[in-house]
Amino acid sequence: MGLMAKMLRKESLERYLQQDQRLAKTLTAKDLIALGVGAVIGTGIFILPGTIAALHSGPAITISFMIAAVVCAVAAMCYAEFSSALPVAGSAYSYGNIIFGELIGWLLGWALFLEYMLSVAAVSTGWSAYFVSFIEGFGIHIPHAITGPFDPAHGTYVNLFAMLVVGLIATLLMRGTRSSTRINNIMVLIKLGVVLLFIGVGIFYVKPTNWQPFMPFGVSGIFKGASLVFFAYLGFDCVSASAAEVKNPQKNLPIGIIGTLIICTLLYILVAFVLTGMVSYRELDVANPVTFALQVVHQNWFAGLISLGALAGMFTMMLTMTYSSSRLIYSIGRDGLLPKALGKVTAKHQTPTNSIKIVTIVIMILGGFVSLDQLTNLVNIGTLVAFFWMSIGVIPLRKRKDIPNKNGFKVPFYPVLPLISGALCLLMMFELPKVTWIAAAIWFVIGLVVYFTYGIFNSRLNND
């Protein structure tokens with residue numbers, strides 16, 4: 001078989017379904033929504049509405065969130081159709097293998113590495129900072145040397161709590177999906193409780209005069225705000241990574257993906273509405289706008305609860321993303337593009353323990369020792385690459401007569417909506433700075449080197 005034929009050879013749905021039978025099917029639509037909300041609603045809900053309102057959108061940030069939600073909604077519908085038609089582990093990686101061939105599938109998997117692992121590592125450092133601040137409120141002081149990345153010039157050598165929280169999450173995941181889902185559901189309820197409590201308390205301090213002028217930066221400010229808050233929605237695609245472990249995936253996966261987006265959109269808009277009504281948008285360019293607004297209206301007692309909600313929000317995000325990372329690595333190991341030991345599933349808990357361990361080690365090293373300030377934009381481009389291919393991929397998916405999806409979800413207004421979704425993803429990518437494109441190009445070149453020196457020679461698809 002020639003090189004080009006190997007790169008373009010497509011995986012069969014039947015083989016994936018057979019191999020993924022080793023994973024326990026325990027997740028319901030409620031669990032999937034909790035996973036999705038856990039990934040999407042993080043500390044951003046306590047920060048983004050204030051800072052972006054102050055700098056770009058003003059009170060019209062509510063419209064910015066609506067526009068961003070529309071962009072995400074079309075991509076979400078494409079994901080929903082894929083997950084309904086192809087209920088297998090690996091999300092866009094596996095979908096790409098089946099629809100476009102092995103090389104595109106590998107590159108989509110390589111892009112998802114960026115979204116999942118870098119985002120967890122970055123959030124673990126934020127969780128560590130919040131946790132250290134939280135326990136200092138009780139008079140417990142942590143040595144500065146263990147609270148940051150390896151940077152002797154500034155007196156830090158390791159971010160110990162960032163590593164410990166990732167290790168705790170890995171331990172939960174290795175106990176099985178049902179066990180970790182229970183913990184996630186509880187943490188999501190805590191997080192939602194804090195957000196709803198802020199909305200319920202803050203609404204009584206809203207002054208309509210704070211919404212004037214409503215569009216101080218004009219229409220361009222609204223769209224600039226939309227391009228920035230778009231990334232607040234990223235994470236709903238993690239729901240599709242659990243497809244092989246879902247009961248009745250044709251029904252529950254679309255509910256999980258679209259339900260996540262609806263709930264998160266409502267929460268973002270309500271928080272932005274209340275926040276800009278409590279305090280003038282001009283005063284919200286601070287690191288903690290929600291806490292600041294509560295202090296302005298003399299509700300200082302609530303600041304501790306906001307910290308608790310932020311800790312819960314970051315924990316659920318890390319749990320969901322680490323879970324998705326491990327399923328991605330499992331899928332690639334299952335196909336032989338990475339060492340096959342990563343594709344093994346334990347008999348006791350029916351989880352891919354080896355892939356969880358590898359993901360955990362990588363994230364702990366990044367979160368514990370590396371400064372991630374310059375790398376987080378890579379999360380955005382990696383995600384948008386996957387969104388683009390999933391959007392246009394709906395068209396060849398519909399044409400595949402060997403993939404039945406009679407009772408599953410289908411994107412409306414086909415093929416116009418998938419094409420619009422792909423165009424919007426490209427538009428968002430071109431909004432990213434040049435340095436991000438350069439870093440992404442380097443990352444994908446490394447991915448191609450790994451594929452052509454190891455993956456293509458060990459691929460189960462090609463060797464079979």
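In case you missed it, the structure is sitting above this.
Described in the following lines is the structure provided in the data block. What you see is a predicted model, and the numbers here were worked out from it, not measured in a lab. (Residues numbered from 1 in each chain as written. Predicted model: local features only at pLDDT ≥ 70, side-chain atom pairs only at ≥ 80, totals over all residues. Heavy atoms only, no water.)

Glancing now at the overall build of the protein chain. Broken down by element type, the protein chain carries 19 helices and zero strands. Taken over C-alpha atoms, the radius of gyration comes to 22 Å for the protein chain, in line with the 23 Å a tight globule of 464 residues would show. Structurally, the protein chain occupies a C-alpha span of about 70 × 50 × 40 Å along its principal axes. Buried positions account for 59% of the 464 residues belonging to the protein chain. Partitioning the intrachain contacts of the protein chain with sequence separation of at least 6 by distance along the chain shows that 83% fall at a separation of at least 24. For the protein chain, the accessible surface area stands at approximately 18200 Å², while carbon and sulfur atoms represent 70% of it. (Helix = DSSP H or I, 4+ residues; strand = E, 2+ residues; numbered from the N terminus. Rg over C-alpha atoms; globule rule 2.2 N^0.38 Å. Buried < 20%, exposed > 50% of the residue type's maximum accessible area, 1.4 Å probe, protein only. Contact = heavy atoms within 4.5 Å. Areas by Shrake-Rupley, 256 points an atom, 1.4 Å probe, with all protein chains shown as cover.)

Over its 14 residues, helix H4 (residues 44-57) runs only 16 Å from end to end, short of the ideal 20 Å by more than 12%, given 1.5 Å per residue. Listed as buried for H4 are Ile45, Phe46, Pro49, Gly50, Thr51, Ile52, Ala53, Ala54 and Ser57. Where H4 terminates, the next one or two residues include Gly58, which has phi positive at roughly 70°. (Expected span 1.5 Å × (residues − 1).)

To continue, consider the environment of Ile255. Along the chain, Ile255 falls in helix H12 (residues 249-278). The spatial distance from the C-alpha of Ile255 to the C-alpha of Leu32 is 8.2 Å, given a sequence separation of 223 residues. Among residues more than four places away in sequence, those in contact with Ile255 are Ala29, Ile33 and Thr260.

As a further point, take the environment of Phe161. Tracing the backbone through its elements, the reader meets Phe161 in helix H8 (residues 160-174). Measuring from C-alpha to C-alpha, the distance between Phe161 and Ile146 comes to 8.0 Å, with 15 residues separating the pair along the chain. What Phe161 contacts, discounting residues up to four positions off in sequence, is Trp127, Ser128, Phe131, Val132, Ile142 and Ile146.

Summed over all chains, the structure comprises 16 aromatic pairs. Consider the rings of Trp110 and Phe113, whose centres lie 5.2 Å apart with planes at 80°: the pair is edge-to-face. Remark: Phe113 and Trp110 occur in helix H7 (residues 102-136); sequence separation between them is three residues, near one turn of the helix. In this structure, Trp110 and Phe113 share a single accessibility class: buried. Three or more aromatic residues joined by ring pairs make a cluster, and in this case those are Trp106, Trp110, Phe113, Trp443, Tyr451 and Phe452. Taking the ring centre of Tyr16 as reference, the NZ or CZ of Arg334 above it sits at 3.8 Å. The ring of Tyr414 is capped by Arg398, whose NZ or CZ atom sits 4.3 Å from the centre of that ring. (Phe/Tyr/Trp six-rings, centres within 6.5 Å; stacked < 30°, edge-to-face > 60°. Lys NZ or Arg CZ within 6 Å of the ring centre and 35° of its normal.)

Attention shifts here to the environment of Ile142. Take Ile142: it is sitting in the loop between H7 and H8. With relative accessibility at 18%, the residue Ile142 sits in the buried group. Contacts of Ile142, omitting those with residues within four sequence positions, involve Val132, Ile135, Thr147 and Phe161.

In this section: the state of the cysteines. Within this structure, the stated rule accounts for zero disulfides. With no disulfide of its own, Cys72 lies 8.4 Å from the sulfur of Cys425, the closest cysteine sulfur. (Disulfide = S-S within 2.5 Å.)

Looking now at the pattern of salt bridges. Applying the stated criterion across every chain yields a total of five salt bridges. Among the ionic pairs, Asp335 bridges to Arg334, the shortest N-O distance being 3.2 Å. Among the residues examined, Asp335 registers a relative accessible area of 4% and is labelled buried. Residues Asp402 and Arg400 are paired through a salt bridge, measuring 2.9 Å at the closest nitrogen-oxygen approach. By relative accessible area, which is 41% here, Asp402 ends up partly exposed. (Salt bridge = Lys/Arg side-chain N within 4 Å of Asp/Glu carboxyl O.)

Attention shifts here to the nonpolar core. In globular proteins that are soluble, nonpolar side chains generally tend to be buried together. If you look at the biggest cluster of nonpolar residues, it comprises 144 residues, and the most contacted ones within it are Leu86, Phe198, Phe230, Phe236 and Phe387. Examining the composition of this core, we find that 17 residues originate from one element, H7, more than from any other. Each residue touching Phe387, except ones within four places of it in the same chain, is listed here: Ala75, Tyr79, Phe230, Leu234, Phe236, Asp237 and Cys425. By size, the runner-up hydrophobic cluster in this structure holds five residues, among which are Leu23, Ala244, Tyr330 and Val345. (Core = buried A, V, L, I, M, F, W, Y, C linked by side-chain atoms within 4.5 Å.)

Moving on, we get to helix H15 (residues 353-369). Its 17 residues give H15 an end-to-end C-alpha distance of 24 Å, which sits within 8% of 24 Å, the value for a rise of 1.5 Å per residue. Taken together, the buried positions of H15 are Thr353, Ser355, Ile356, Val359, Thr360, Ile363, Leu366, Gly367 and Gly368.

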